[in-house]
Amino acid sequence: MGKVIAISNHKGGVGKTTSAINIGAGLALKGKKVLLIDLDPQANMTQSLGLNEPDTGIYEYLKGEQSISSVKIQKNLFLIPSTSGLGGAELELASEAGREFILKELLEEEKEKYDYVFIDCPPSLGLLTINAFTAAQEIYIPMQAQFLALQGIGKLLGLVDKIKKRLNPQLEITGIFITQFDRRKVLNRYVMDTLESHFGDKVFATRIRNNVALAEAPNEGCDIFSYQKSSNGAFDYGQLVKEIIKRNAS
Ligand SMILES: Nc1ncnc2c1ncn2[C@@H]1O[C@H](COP(=O)(O)OP(=O)(O)O)[C@@H](O)[C@H]1O
Ligand SMILES: [Mg+2]
């Protein structure tokens, strides 16, 4: 119960938000109770799920200004949105005692209400991401199958090592998956091979293909299963969700 998974990659545009929403929605459709947390000041997840400038969100809860609560998106799917204050949170929280543990503490009881909690991380490795890695048991890393996608990943792995040593011994990278996959590109294959040789069975077999419906769904404020059930995007995220359920069952 209450497995907390951070979805992170400090590169922007790799599919973190798209994946958090659609993995969450897919699991919710399978009867799992899911909480999504938008920890990115850009609030893409919040907007993509149709919330427009909510009054309270993760910033207010991190600051201790309000007690934690979530918004129901649909059956089994809940969101803690990002609000405008989150942009200044890294600076504001920097001087707090135990500043790395604020999110962990906040979720201690809350997470038990859910089967899964997914944290959509910002595209940086600052205090918000450190809070996510301290609160989480697992990290998923979405990646584009491009040459440069692998560059810089060492930085992320280095941070994960430090957090594991100093703050959260149970933390593991448990899932790496390819997004925006285009089978016509030879480089895709090369990147897959490199990832598999580095990360072995942590790499999910499912690759999320390039699919315009995935980019359109946020305009309608919904996930891919509600937007277009017959799309490749819905099929691929459906497959990924099956893999996630299977891994967590064994
Ligand atoms: N598989 C995909 N096919 C087509 N467009 C995608 C796909 N995944 C993500 N996108 C689009 O690419 C952009 C970046 O994705 P996003 O999930 O916001 O990345 P991140 O959260 O890592 O910055 C968004 O406009 C999104 O709609
Ligand atoms: Mg994002």
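For the structure, check the block above.
Being a predicted model, the structure only gives us computed values, none of them experimental.

J.: Give me the lowdown on the overall build of the chain, citing residues and values where you can.
T.: Secondary structure assignment for the chain yields 11 helices and 8 strands. By the compact-globule yardstick of 18 Å for 250 residues, the chain fits well, its C-alpha radius of gyration being 17 Å. Across its three principal directions, the C-alpha atoms of the chain cover 50 × 40 × 35 Å. Sorting the 250 residues of the chain into buried and exposed places 44% on the buried side.

J.: If you had to explain the site of ligand 1 to someone new, which residues and values would you point to?
T.: In the vicinity of ligand 1 lie 17 residues, with Gly 15, Lys 16, Thr 17, Thr 18 and Ala 215 positioned nearest. Taken together, the elements giving at least two residues each to the shell around ligand 1 come down to helix 1 (16-29), strand 7 (172-181) and helix 9 (212-216). Classifying every residue of the shell around ligand 1 by side-chain character gives 6 nonpolar, 10 polar and 1 charged.

J.: Help me get a handle on the pairing of strand 3 (residues 71-74), residues and values and all.
T.: In this sheet, strand 4 (residues 77-80) lies alongside strand 3 in antiparallel orientation, the contact comprising 3 bridges. Each residue of the ladder has a partner; that of Lys 72, found in strand 4, is Phe 78. With antiparallel pairing between neighbouring strands as the criterion, strand 3 and strand 4 make up a hairpin whose turn holds 2 residues, including Asn 76 at a positive phi of roughly 70 degrees.

J.: Describe in detail the packing of helix 1 against helix 11 (residues 232-249), supporting the description with residues and values.
T.: Geometry of a packed helix pair, given as the angle between the helix axes and the separation of the axes. Interhelical geometry of helix 1 versus helix 11 gives an angle of 65 degrees and a closest axis separation of 9 Å. The angle between helix 1 and helix 11 falls in the class roughly perpendicular. Every pair of crossing elements has a handedness; the one defined by helix 1 and helix 11 is right-handed. For the pair helix 1 and helix 11, contact is made by Asn 22, Ile 23, Gly 26 and Leu 27 and by Tyr 237, Gly 238, Leu 240, Val 241 and Ile 244, respectively. Among the residues forming the contact of helix 1 with helix 11, the class breakdown is 6 nonpolar, 3 polar and no charged.

J.: Outline the sheet that holds strand 7, listing residues and values.
T.: Where strands meet in a sheet, backbone hydrogen bonds hold them as pairs that are either parallel or antiparallel. Ordered by their spatial adjacency, 8 strands build an open sheet running 3-4-2-5-1-6-7-8, and the pairing between neighbours is mixed. Strand pairing shows two members of the sheet lacking a second neighbour, strand 3 and strand 8 (203-209), which therefore form its edges. Looking at each pair of strands side by side, their axes are set apart by 25 degrees on average, direction ignored. By the bridge criterion, 4 bridges tie strand 2 (residues 34-38) to strand 4 in an arrangement that is parallel. For Leu 36, the partnering residue across the bridge sits in strand 4 and is Leu 79. Relative to strand 5 (residues 116-120), helix 1 is tilted by about 165 degrees, and along the sheet it contacts strand 1 (3-7), strand 2, strand 3, strand 4, strand 5, strand 6 (138-144) and strand 7.

J.: An account of the environment of Leu 150 is requested, with residue identities and associated values reported.
T.: Within the element layout of this structure, Leu 150 appears in the loop between strand 6 and helix 7 (153-166). Taking the number of C-beta atoms within 10 Å as the measure of exposure, Leu 150 has 16 and is therefore partly exposed. Remark: the alpha-carbon pair of Leu 150 and Leu 195, spanning 45 residues in sequence, is separated by 8.4 Å. In contact with Leu 150, other than residues within four places in its own chain, are Val 191 and Thr 194.

What counts and how
- Residues numbered from 1 in each chain as written.
- Chains lettered and ligands numbered in written order.
- Predicted model: local features only at pLDDT ≥ 70, side-chain atom pairs only at ≥ 80, totals over all residues.
- Helix = DSSP H or I, 4+ residues; strand = E, 2+ residues; numbered from the N terminus.
- Rg over C-alpha atoms; globule rule 2.2 N^0.38 Å.
- Buried ≥ 20, exposed ≤ 12 C-beta atoms within 10 Å, placed from the backbone.
- Near = placed C-beta within 6 Å.
- Nonpolar A, V, L, I, M, F, W, Y, C, P; charged D, E, K, R; others polar.
- Pairing = 2+ DSSP bridges.
- Axes fitted to C-alpha atoms, helices over the stretch in contact; angles between N-to-C directions.
- Parallel < 35°, antiparallel > 145°, perpendicular 65-115°, else oblique.
- Left-handed = near helix turned anticlockwise from the far one by under 90°.
- Contact = placed C-beta atoms within 7 Å.

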